[in-house]
Amino acid sequence: MLSAYAQGLFPMADGADDPSVHWVEPRLRAILPLDGFRLSRSLKKVIVSDRFRVTTDTAFARMMALCAEPAPDRPTTWINPLIEASYARLFRLGHAHSIECWQDGQLVGGLYGVSLGRAFFGESMVSRTRDASKVALAHLVARLIAGGWQLLDCQFLTPHLASLGAVEIPQADYLARLYSVLSSADGAALGADEGTGAGAGVAASELPSPPFVAGDWGALDALGAAGRDAGVSTGSPPGYVIAQLLTNTS
(Lines give C-alpha, C1' and ligand atoms only; values in the text may rest on other atoms or scores of the structure.)
Protein backbone atom coordinates (compact mmCIF):
# COMPACT_ATOMS: atom_id res chain seq x y z
CA MET A 1 0.00 0.00 0.00
CA LEU A 2 2.76 2.44 0.89
CA SER A 3 4.53 1.67 -2.39
CA ALA A 4 1.29 2.38 -4.25
CA TYR A 5 0.84 5.73 -2.46
CA ALA A 6 4.43 6.64 -3.35
CA GLN A 7 3.49 6.08 -7.01
CA GLY A 8 0.32 8.17 -6.87
CA LEU A 9 -2.19 5.32 -6.48
CA PHE A 10 -4.78 4.64 -3.80
CA PRO A 11 -7.19 1.73 -3.16
CA MET A 12 -10.98 1.73 -3.41
CA ALA A 13 -13.74 -0.86 -3.42
CA ASP A 14 -16.93 -0.62 -5.46
CA GLY A 15 -18.97 -1.06 -2.29
CA ALA A 16 -18.79 -1.99 1.37
CA ASP A 17 -19.78 -5.58 0.51
CA ASP A 18 -17.37 -5.94 -2.40
CA PRO A 19 -14.53 -8.29 -1.35
CA SER A 20 -12.13 -6.94 -3.97
CA VAL A 21 -10.09 -3.75 -4.14
CA HIS A 22 -8.82 -1.84 -7.18
CA TRP A 23 -6.14 0.80 -7.50
CA VAL A 24 -7.16 4.28 -8.62
CA GLU A 25 -5.10 6.88 -10.49
CA PRO A 26 -7.33 9.86 -11.35
CA ARG A 27 -6.65 11.85 -14.49
CA LEU A 28 -7.08 15.00 -12.41
CA ARG A 29 -5.94 15.12 -8.79
CA ALA A 30 -7.14 17.35 -5.97
CA ILE A 31 -4.62 18.82 -3.56
CA LEU A 32 -4.97 21.43 -0.85
CA PRO A 33 -1.97 23.79 -0.75
CA LEU A 34 -1.03 24.10 2.91
CA ASP A 35 -0.59 27.85 2.56
CA GLY A 36 -3.91 28.18 0.77
CA PHE A 37 -6.44 26.93 3.32
CA ARG A 38 -9.44 29.27 3.26
CA LEU A 39 -10.24 30.22 6.83
CA SER A 40 -13.53 32.09 6.58
CA ARG A 41 -14.66 34.37 9.38
CA SER A 42 -17.46 31.99 10.29
CA LEU A 43 -15.17 28.96 10.43
CA LYS A 44 -12.57 30.88 12.42
CA LYS A 45 -15.28 31.78 14.93
CA VAL A 46 -16.26 28.12 15.29
CA ILE A 47 -12.65 27.03 15.74
CA VAL A 48 -11.83 29.71 18.31
CA SER A 49 -15.00 28.95 20.28
CA ASP A 50 -13.83 25.35 20.78
CA ARG A 51 -17.33 24.10 20.02
CA PHE A 52 -15.78 20.71 19.37
CA ARG A 53 -13.22 18.82 21.41
CA VAL A 54 -10.63 17.81 18.84
CA THR A 55 -8.33 14.83 19.32
CA THR A 56 -5.91 12.92 17.15
CA ASP A 57 -5.29 9.18 16.89
CA THR A 58 -7.54 8.39 19.85
CA ALA A 59 -10.36 6.69 17.94
CA PHE A 60 -8.93 5.65 14.58
CA ALA A 61 -11.09 2.53 14.21
CA ARG A 62 -14.24 4.42 15.19
CA MET A 63 -13.41 7.18 12.73
CA MET A 64 -13.06 4.68 9.90
CA ALA A 65 -16.34 3.06 10.91
CA LEU A 66 -18.09 6.44 10.97
CA CYS A 67 -16.75 7.29 7.51
CA ALA A 68 -17.97 3.90 6.26
CA GLU A 69 -21.52 4.33 7.55
CA PRO A 70 -24.17 4.96 4.89
CA ALA A 71 -25.75 8.42 4.83
CA PRO A 72 -28.67 9.99 2.96
CA ASP A 73 -26.29 11.53 0.42
CA ARG A 74 -24.09 8.42 0.24
CA PRO A 75 -25.97 5.11 0.50
CA THR A 76 -22.80 3.07 0.01
CA THR A 77 -19.07 3.50 0.51
CA TRP A 78 -15.74 2.37 -0.91
CA ILE A 79 -14.53 1.18 2.52
CA ASN A 80 -14.80 -2.61 2.62
CA PRO A 81 -13.40 -4.98 5.31
CA LEU A 82 -10.08 -5.42 3.47
CA ILE A 83 -9.52 -1.68 3.24
CA GLU A 84 -10.55 -1.23 6.87
CA ALA A 85 -8.10 -3.90 8.04
CA SER A 86 -5.30 -2.51 5.86
CA TYR A 87 -5.58 1.02 7.24
CA ALA A 88 -5.83 -0.34 10.76
CA ARG A 89 -2.44 -1.97 10.20
CA LEU A 90 -1.00 1.23 8.73
CA PHE A 91 -2.22 3.01 11.86
CA ARG A 92 -0.41 0.51 14.09
CA LEU A 93 2.73 1.09 12.02
CA GLY A 94 2.45 4.87 12.41
CA HIS A 95 1.61 5.54 8.77
CA ALA A 96 -2.06 6.45 9.26
CA HIS A 97 -3.65 9.12 11.44
CA SER A 98 -7.07 10.39 12.39
CA ILE A 99 -8.50 13.70 13.56
CA GLU A 100 -11.65 13.34 15.67
CA CYS A 101 -14.28 15.94 16.58
CA TRP A 102 -16.36 15.32 19.70
CA GLN A 103 -19.45 17.06 21.02
CA ASP A 104 -21.14 16.16 24.30
CA GLY A 105 -19.02 13.04 24.46
CA GLN A 106 -20.11 11.83 21.01
CA LEU A 107 -17.92 11.39 17.94
CA VAL A 108 -19.56 13.73 15.44
CA GLY A 109 -17.01 14.03 12.66
CA GLY A 110 -13.43 13.97 11.55
CA LEU A 111 -11.12 12.42 9.01
CA TYR A 112 -8.33 9.91 8.50
CA GLY A 113 -5.50 9.46 6.04
CA VAL A 114 -2.06 8.07 5.28
CA SER A 115 1.29 9.67 5.97
CA LEU A 116 4.37 8.89 3.89
CA GLY A 117 7.42 11.09 4.24
CA ARG A 118 6.19 14.68 4.13
CA ALA A 119 3.14 13.85 2.03
CA PHE A 120 -0.26 13.25 3.61
CA PHE A 121 -3.01 11.48 1.70
CA GLY A 122 -6.50 12.32 2.92
CA GLU A 123 -8.70 9.26 2.62
CA SER A 124 -12.12 10.15 3.98
CA MET A 125 -13.85 12.78 6.07
CA VAL A 126 -17.25 12.84 7.68
CA SER A 127 -19.56 15.21 9.52
CA ARG A 128 -22.56 14.25 11.58
CA THR A 129 -23.14 17.81 12.71
CA ARG A 130 -22.52 21.16 11.11
CA ASP A 131 -18.89 22.26 10.65
CA ALA A 132 -17.34 19.14 12.20
CA SER A 133 -15.47 18.06 9.07
CA LYS A 134 -14.34 21.64 8.37
CA VAL A 135 -12.90 21.95 11.86
CA ALA A 136 -11.18 18.57 11.50
CA LEU A 137 -9.61 19.63 8.20
CA ALA A 138 -8.45 22.93 9.71
CA HIS A 139 -6.77 21.04 12.55
CA LEU A 140 -5.18 18.67 10.04
CA VAL A 141 -3.76 21.51 7.93
CA ALA A 142 -2.39 23.23 11.04
CA ARG A 143 -0.81 19.95 12.19
CA LEU A 144 0.79 19.36 8.79
CA ILE A 145 2.16 22.91 8.65
CA ALA A 146 3.62 22.65 12.15
CA GLY A 147 5.13 19.26 11.42
CA GLY A 148 6.84 20.15 8.16
CA TRP A 149 4.60 18.41 5.63
CA GLN A 150 4.69 19.71 2.06
CA LEU A 151 1.80 18.02 0.26
CA LEU A 152 -1.83 17.32 1.15
CA ASP A 153 -3.54 15.03 -1.34
CA CYS A 154 -7.35 15.15 -1.43
CA GLN A 155 -7.80 12.65 -4.29
CA PHE A 156 -10.98 14.06 -5.90
CA LEU A 157 -12.15 17.68 -5.93
CA THR A 158 -15.57 18.33 -4.39
CA PRO A 159 -17.39 21.65 -3.89
CA HIS A 160 -16.85 21.22 -0.13
CA LEU A 161 -13.07 20.87 -0.54
CA ALA A 162 -12.91 23.63 -3.15
CA SER A 163 -14.59 26.02 -0.72
CA LEU A 164 -11.74 25.34 1.71
CA GLY A 165 -8.97 25.96 -0.81
CA ALA A 166 -8.46 22.67 -2.64
CA VAL A 167 -7.49 22.84 -6.31
CA GLU A 168 -7.33 20.35 -9.16
CA ILE A 169 -4.15 19.60 -11.13
CA PRO A 170 -3.24 17.04 -13.81
CA GLN A 171 -2.00 13.71 -12.47
CA ALA A 172 1.40 14.23 -14.14
CA ASP A 173 1.87 17.47 -12.19
CA TYR A 174 0.73 15.73 -9.03
CA LEU A 175 3.31 12.98 -9.51
CA ALA A 176 6.07 15.54 -10.05
CA ARG A 177 5.10 17.24 -6.79
CA LEU A 178 4.81 13.96 -4.91
CA TYR A 179 8.16 12.64 -6.16
CA SER A 180 9.86 15.93 -5.35
CA VAL A 181 8.51 15.93 -1.78
CA LEU A 182 9.50 12.31 -1.19
CA SER A 183 12.94 12.82 -2.71
CA SER A 184 13.80 16.06 -0.94
CA ALA A 185 16.01 15.66 2.13
CA ASP A 186 14.88 19.01 3.50
CA GLY A 187 11.26 18.75 2.37
CA ALA A 188 11.62 21.80 0.13
CA ALA A 189 8.22 22.86 -1.13
CA LEU A 190 7.37 22.92 -4.79
CA GLY A 191 6.30 26.00 -6.66
CA ALA A 192 3.00 27.52 -5.59
CA ASP A 193 1.71 28.01 -9.12
CA GLU A 194 -0.89 25.23 -9.14
CA GLY A 195 -1.53 23.31 -12.31
CA THR A 196 1.48 24.61 -14.24
CA GLY A 197 3.96 21.87 -13.48
CA ALA A 198 6.07 24.35 -11.53
CA GLY A 199 7.48 21.54 -9.44
CA ALA A 200 8.53 19.32 -12.31
CA GLY A 201 12.18 19.36 -11.22
CA VAL A 202 11.78 15.64 -10.53
CA ALA A 203 10.68 13.80 -13.64
CA ALA A 204 7.64 11.57 -13.32
CA SER A 205 9.84 8.58 -14.22
CA GLU A 206 12.19 9.15 -11.27
CA LEU A 207 10.36 7.16 -8.62
CA PRO A 208 11.97 8.01 -5.27
CA SER A 209 13.10 5.27 -2.93
CA PRO A 210 12.70 5.05 0.86
CA PRO A 211 13.60 5.97 3.48
CA PHE A 212 11.67 9.22 3.19
CA VAL A 213 12.14 12.16 5.55
CA ALA A 214 9.05 12.13 7.77
CA GLY A 215 7.06 15.00 9.20
CA ASP A 216 6.52 15.44 12.94
CA TRP A 217 2.89 14.61 13.73
CA GLY A 218 3.24 15.82 17.33
CA ALA A 219 4.84 19.20 16.59
CA LEU A 220 1.51 21.00 16.82
CA ASP A 221 0.89 19.71 20.34
CA ALA A 222 4.01 21.46 21.58
CA LEU A 223 2.77 24.76 20.14
CA GLY A 224 -0.49 24.48 22.05
CA ALA A 225 0.84 23.12 25.34
CA ALA A 226 1.16 26.55 26.93
CA GLY A 227 -2.45 27.33 26.11
CA ARG A 228 -3.89 24.36 27.98
CA ASP A 229 -5.02 24.37 31.57
CA ALA A 230 -2.64 22.56 33.91
CA GLY A 231 -3.34 18.85 33.95
CA VAL A 232 -5.92 19.07 31.16
CA SER A 233 -5.27 17.69 27.68
CA THR A 234 -7.75 17.85 24.84
CA GLY A 235 -5.44 15.99 22.46
CA SER A 236 -5.12 19.05 20.24
CA PRO A 237 -4.25 22.70 20.93
CA PRO A 238 -6.98 25.25 21.71
CA GLY A 239 -8.82 26.69 18.78
CA TYR A 240 -7.14 30.08 18.94
CA VAL A 241 -3.77 28.38 18.34
CA ILE A 242 -5.14 26.66 15.24
CA ALA A 243 -6.72 29.86 13.92
CA GLN A 244 -3.54 31.87 14.51
CA LEU A 245 -1.38 29.33 12.72
CA LEU A 246 -3.73 29.16 9.73
CA THR A 247 -4.02 32.95 9.59
CA ASN A 248 -0.25 33.40 9.63
CA THR A 249 0.38 30.88 6.84
CA SER A 250 -2.54 31.49 4.49
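**A look at the side chain of S236**
Now for step 1: With respect to the element layout, S236 can be found in the loop between helix 8 (219–224) and helix 9 (239–249).
Now for step 2: Judged by relative accessible area, which is 2%, S236 ranks as buried.
Now for step 3: Here the side chain of S236 touches H139 through a polar contact of 3.0 Å, side chain to side chain.

**As for helix 5 (residues 132–147)**
Now for step 1: Taking 1.5 Å per residue, 16 residues should reach 22 Å; helix 5 reaches 22 Å between its end C-alpha atoms and fits that length.
Now for step 2: Across the 16 residues that make up helix 5, a large majority, 13, are buried.
Now for step 3: Two residues or fewer after helix 5 comes G148, characterised by a positive phi angle close to 90°.

**Looking at the pairing of strand 6 (residues 106–116)**
Now for step 1: Taken across its 11 residues, strand 6 has 10 buried, putting it largely inside the fold.
Now for step 2: Note that strand 5 (residues 96–103) and strand 6 share eight bridges and pair antiparallel. For I99, the partnering residue across the bridge sits in strand 6 and is L111.
Now for step 3: Between strand 5 and strand 6, which follow one another and run antiparallel, lie two residues, and D104 among them has a positive phi close to 55°.

**Remarks on the sheet that holds strand 7 (residues 119–127)**
Paired through their backbone hydrogen bonds, the strands of a sheet run either parallel or antiparallel.
Now for step 1: Spatially, 4-5-6-7-8-3-9 is the arrangement adopted by the seven strands of the open sheet, whose pairing is mixed. Among the strands making up the open sheet, the edge pair consists of strand 4 (53–56) and strand 9 (167–170). The average undirected angle you get between the axes of adjacent strands in this sheet is 30°.
Now for step 2: Here strand 3 (residues 28–31) runs beside strand 8 (residues 151–155); their pairing, made up of two bridges, is antiparallel. Within strand 8, the residue paired with I31 across the bridge is D153.

What counts, and at which threshold
Residues numbered from 1 in each chain as written. Predicted model: local features only at pLDDT ≥ 70, side-chain atom pairs only at ≥ 80, totals over all residues. Heavy atoms only, no water. Helix = DSSP H or I, 4+ residues; strand = E, 2+ residues; numbered from the N terminus. Buried < 20%, exposed > 50% of the residue type's maximum accessible area, 1.4 Å probe, protein only. Polar contact = N/O pair within 3.5 Å; in protein donor to acceptor, adjacent residues only side chain to side chain. Expected span 1.5 Å × (residues − 1). Pairing = 2+ DSSP bridges. Axes fitted to C-alpha atoms, helices over the stretch in contact; angles between N-to-C directions.

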